[in-house]
Amino acid sequence: MNSADVSALIAKNPTLKASKAKLEAMEADAYVVHRSWGFGQIKRYDDATQKLVIDFKGKKGHAMDPVFCITTMDVLPAKHLLVRKETDSKKIAELIADNPAQLVVEALQAYPNNAATVIELEIVLAQVVGEEKFKKWWSVAKKAVAKDPRISVPEKKTECYVVREVPVSAEDELLEQFTGTRSARRRIALAEEDRKSV
């Protein structure tokens, strides 16, 4: 959709003014994720029907009302892993096979504040790696991610993986966790972990 199409929609329905930026992002060749249809690519905006024509996996040329898409669809930035899997599949395949920690860093960099919850990250990585391979790959990749000083690994699933501005050594991270907890059991576990790493 170009700005004239967006302006025409807003003129017809003034409540859409708050969603102007999202509507303008719905342009040809943009990649999207829809809650029901999944991953797809906008092919064009049809002026006659005032609908977006989107190619989803398994459903090509699907026409959708852009007003409906405001709440049900997200336009992905070019650096998002799902987009890069389509546009730079060779590089993503190399990262999956050889450097899972870098793949996680690049996944996190597509999020605001370079952070995502465990659940958000696992959903995206499962789509990139493939549902059938993901569980085995992720159990190996988590170990590499935990050793990477650039990534802060959460203790709980509700917390976030974060790309640090300044890498932190494993020893410093253990010390930070040790001083940050009041639980005697947790402190003993961290001290034993530190002793094993020496």
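Scroll up a little and you will see the structure.
Predicted, not measured: the structure shown is a model, and the values here were computed from it.

Calculation notes
Residues numbered from 1 in each chain as written. Predicted model: local features only at pLDDT ≥ 70, side-chain atom pairs only at ≥ 80, totals over all residues. Heavy atoms only, no water. Helix = DSSP H or I, 4+ residues; strand = E, 2+ residues; numbered from the N terminus. Buried < 20%, exposed > 50% of the residue type's maximum accessible area, 1.4 Å probe, protein only. Contact = heavy atoms within 4.5 Å. Areas by Shrake-Rupley, 256 points an atom, 1.4 Å probe, with all protein chains shown as cover. Lys, Arg positive; Asp, Glu negative; His and termini not counted. Charge placed at Lys NZ, Arg CZ, Asp CG, Glu CD. Pairing = 2+ DSSP bridges. Axes fitted to C-alpha atoms, helices over the stretch in contact; angles between N-to-C directions. Parallel < 35°, antiparallel > 145°, perpendicular 65-115°, else oblique. Nonpolar A, V, L, I, M, F, W, Y, C, P; charged D, E, K, R; others polar. Left-handed = near helix turned anticlockwise from the far one by under 90°.

(A) Quick peek at the overall build of the protein chain. Check the secondary structure of the protein chain and you find ten helices and eight strands. C-alpha extents for the protein chain along the principal axes are approximately 70 × 35 × 25 Å. Across the 198 residues in the protein chain, those meeting the buried criterion constitute 38%. Once local pairs closer than 6 in sequence are excluded, the contacts in the protein chain between residues at least 24 apart make up 44%. As displayed, the protein chain has an accessible area near 12200 Å², and 53% of this comes from carbon and sulfur atoms. Each charge sign in the protein chain was given a centre, from 32 positive and 29 negative side chains, and these centres are 4 Å apart.

(B) Examining the pairing of strand β8 (residues 160-163) more closely. On β8, burial follows the alternation: Y161 and V163 on one face are buried, whereas C160 and V162 on the facing-out side are not. Of the pairings in the sheet, the one linking strand β6 (residues 115-117) to β8 comprises three bridges and is antiparallel in character. Across the sheet, residue A115 finds its bridge partner in β8, namely V162. Where strand β7 (residues 151-152) lies against β8, two bridges are found, and the strand directions are antiparallel. Paired with I151 across the two strands is V163, which belongs to β8.

(C) Up close: the packing of helix α5 (residues 89-98) against helix α6 (residues 100-108). Across the interface, α5 lies against α6 with an axial gap of 6 Å and an inter-helix angle of 125 degrees. Judged by the angle between their axes, α5 and α6 are oblique. Of α6, the residues touching α5 (which contributes I92, L95, I96 and D98) are P100, Q102, L103 and E106. Grouping the constituent residues of the contact of α5 with α6 by class yields five nonpolar, one polar and two charged.

(D) Representation of the side chain of D5 within the structure. Looking at the element boundaries, D5 is found in helix α1 (residues 3-12). If we ignore the near neighbours within four places in the chain, the residues touching D5 are Y45 and D47.

(E) Examining the packing of helix α7 (residues 118-129) against helix α8 (residues 131-147) more closely. One can describe the packing of α7 onto α8 by two numbers: an axis separation of 7 Å at closest approach and a directional angle of 120 degrees. Classified by the angle their axes make, α7 and α8 are oblique. Crossing geometry of α7 relative to α8 is assigned as right-handed. Where α7 approaches α8, its residues L121, E122, L125, A126, Q127 and V129 are matched on the opposing element by E131, K133, F134, W137 and W138. Grouping the amino acids of the contact of α7 with α8 by side-chain chemistry returns seven nonpolar, one polar and three charged.

(F) Just the sheet that holds β7, in detail. In space, the three strands of this open sheet follow the order β6-β8-β7, with antiparallel pairing throughout. The two strands at the open ends of the sheet, each matched to only one other strand, are β6 and β7.

(G) Spatial organisation of the environment of T158. Within the element layout of this structure, T158 appears in the loop between β7 and β8. Residue T158 is classed as exposed on the basis of its relative accessible area, which comes to 65%. Spatially, the C-alpha atom of T158 lies 7.6 Å from that of I119, the residues being 39 residues apart in sequence.

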